[in-house]
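# Architecture at a glance
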Amino acid sequence: MPTALRRATVDDAQVLATLAARTFTESFGHLYPHEDLEAFLAEAYEVGRQRTILAHPDYAVWLLEADGEAIGHVAAGPCGLPHVEVAPGDGEIKRLYLLQGWQGNGHGARMMDAAMDWLLARGPRTLWVGAWSENLGAQRFYARYGFERVGDYIFPVGRVQDLEFILRRPA
C-alpha cells in the first residue's frame, strides 16, 4: 500500500496524540504497570501538549500515512537530552515510531531522512537521540546514521526507571 509522509500541523494534534500513545504502548506498554502507563500517556501525549509542539517554530513533526490513516510519526527539535556536551543549536530526533505491522520496508528510514534533512537545513550541527538500552534494533538503526553512544540517563514511567542511552552524531 502506498504511503505519504507529510509535515504535521496544529490541526493534527488529536491524530498525533492518539498515534503517539498507541505506538508507545505497542512498543513499550508491556514494561509498565497499567496505572503507570496510563498516567504517562495522559501527560506525555495530551492533545494540548501536542498542539503546543506542533505550533512551535523550533519543532517539527511528520506523519506517515497509509490510505489516509496515520501509521507513523517522527519529531525533531532542539536537543533536550541531559548530557554535558549538549550545546545551543544542537538538534534532537525526539521520537520515531511506526505502528506494528508497518515496521521495515524503509518507512523508518524515510521518516528519519525527513527529520534529519530538516534539522540540518540550517547547516551542519551535532544531532542527538535517546534510545532504550534494551532496544537493540533502534540502536542499530541510529548507528546506520552515524549515531554513537556517549552516555545514558534514567527515563521514568511511573515507578519504573528505564535506562536510556544517549546517542550523538557529530556535526
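Here's a quick rundown of the structure. (Residues numbered from 1 in each chain as written. Predicted model: local features only at pLDDT ≥ 70, side-chain atom pairs only at ≥ 80, totals over all residues. Heavy atoms only, no water.)

## Let's talk about the packing of helix α1 (residues 13-28) against helix α2 (residues 34-44)
Let me state the cut-off plainly: Orientation is described by axes fitted as lines to C-alpha atoms, over the contacting stretch for helices, and by angles from 0 to 180 degrees between their N-to-C directions. Strands are runs of DSSP state E lasting at least 2 residues, helices are runs of H or I lasting at least 4, and numbering of each runs from the N terminus. Here is the rule for angles: anything less than 35 degrees is roughly parallel, anything more than 145 is roughly antiparallel, 65 through 115 is roughly perpendicular, and the remaining ranges are oblique. Two helices that cross are described as forming a left-handed crossing if the nearer one is turned anticlockwise from the farther one by less than a right angle, and a right-handed crossing if clockwise. The contact rule is simple, with two residues in contact once any of their heavy atoms fall within 4.5 Å. Residues are grouped as follows: nonpolar covers Ala, Val, Leu, Ile, Met, Phe, Trp, Tyr, Cys and Pro; charged covers Asp, Glu, Lys and Arg; every other residue, Gly included, is treated as polar.
Between α1 and α2, whose axes approach to 10 Å, the crossing angle comes to 150 degrees. The angle between the axes of α1 and α2 places the two elements in the roughly antiparallel class. In terms of crossing hand, the pair formed by α1 and α2 is right-handed. Touching A21, F24 and T25 of α1 are L37, F40 and L41, all from α2. Residues that form the contact of α1 with α2 fall into these classes: five nonpolar, one polar and no charged.

## So, the pairing of strand β6 (residues 148-157)
The line we're drawing: In this analysis, strands are considered paired if DSSP registers two or more bridges between them.
Taken together, the nine bridges between β6 and strand β7 (residues 160-169) define a ladder with antiparallel strand orientation. Considered in β7, the bridge of I154 is made with L163. Count of turn residues in the β6/β7 antiparallel hairpin: two residues, of which G158 carries a positive phi of about 65 degrees.

## With respect to the environment of G77
Using the following cut-off: Any residue under 20% of the maximum accessible area for its type is buried, any over 50% is exposed, and the rest in between are partly exposed; the area is computed with a 1.4 Å probe on protein chains only.
As for its position among the elements, G77 is in strand β3 (residues 69-78). Overall, G77 belongs to the buried group, its relative accessible area being 2%. Separated by 56 residues in sequence, G77 and A21 place their C-alpha atoms 20 Å apart. Not counting the four nearest positions on each side in its chain, G77 is found in contact with D58, Y59, D90, G91, E92, K94, W118 and L119.

## Side note on the nonpolar core
So the rule is basically this: Here, nonpolar core refers to any group of buried Ala, Val, Leu, Ile, Met, Phe, Trp, Tyr and Cys residues whose side-chain atoms link them within 4.5 Å.
Judged by nonpolar contacts, the single largest core of 39 residues is most densely connected at W62, I93, M112, Y142 and F147. Considering each element in turn, this core owes the most residues, seven residues, to helix α4 (residues 107-120). By size, the runner-up hydrophobic cluster in this structure holds 13 residues, among which are L37, F40, Y97 and W132.

## Looking at α2
We apply this condition: Think of the arc as the fan of directions from the helix axis to the C-beta atoms.
Looking at α2, one finds that the buried residues are D36, L37, F40, L41 and A44. Axial view of α2: buried residues confined to an arc of 130 degrees, hence all on one face. Away from the buried face of α2 by more than 90 degrees, exposed residues H34, A42 and E43 are located. Buried residues belonging to α2 abut α1, α3 (47-55), β6 and β7.

## Focus on the pattern of salt bridges
Heads up, the condition is: Salt bridges are identified by distance alone: a Lys or Arg side-chain nitrogen within 4 Å of an Asp or Glu carboxyl oxygen.
Using the criterion set out here, one finds 10 salt bridges in the structure. One salt bridge connects R6 with E65, and the closest N-O pair in it is separated by 3.1 Å. Taken together, the residues R6 in strand β1 (residues 3-7) and E65 in strand β2 (residues 60-66) connect sequence positions 59 residues apart. The partly exposed category is assigned to R6, whose relative accessible area is 29%. For E65, a relative accessible area of 16% corresponds to the buried category.

## Structural notes on the packing of aromatic side chains
This is how it is decided: Within 6.5 Å between ring centres, the rings of Phe, Tyr and Trp (the latter by its six-membered ring) count as paired, and their orientation is classed by plane angle as stacked under 30 degrees, edge-to-face over 60, tilted in between.
Enumeration over the complete set of coordinates arrives at 13 aromatic pairs. Ring geometry for W62 against W118: centres 6.1 Å apart, planes inclined by 75 degrees, an arrangement best described as edge-to-face. Of the two residues, W62 sits in strand β2 while W118 sits in helix α4, which places them 56 residues apart along the sequence. Each member of the pair, W62 together with W118, is buried. Seen from their ring centres, Y142 and F147 are 6.0 Å apart, and the 70 degrees between their planes marks the pair as edge-to-face. When its relative accessible area of 7% is taken as the criterion, Y142 is described as buried. Each residue in the set F24, F28, Y32, F40, Y45, Y97, W132 and F155 is aromatic and connected to the rest through ring pairs, giving one cluster.

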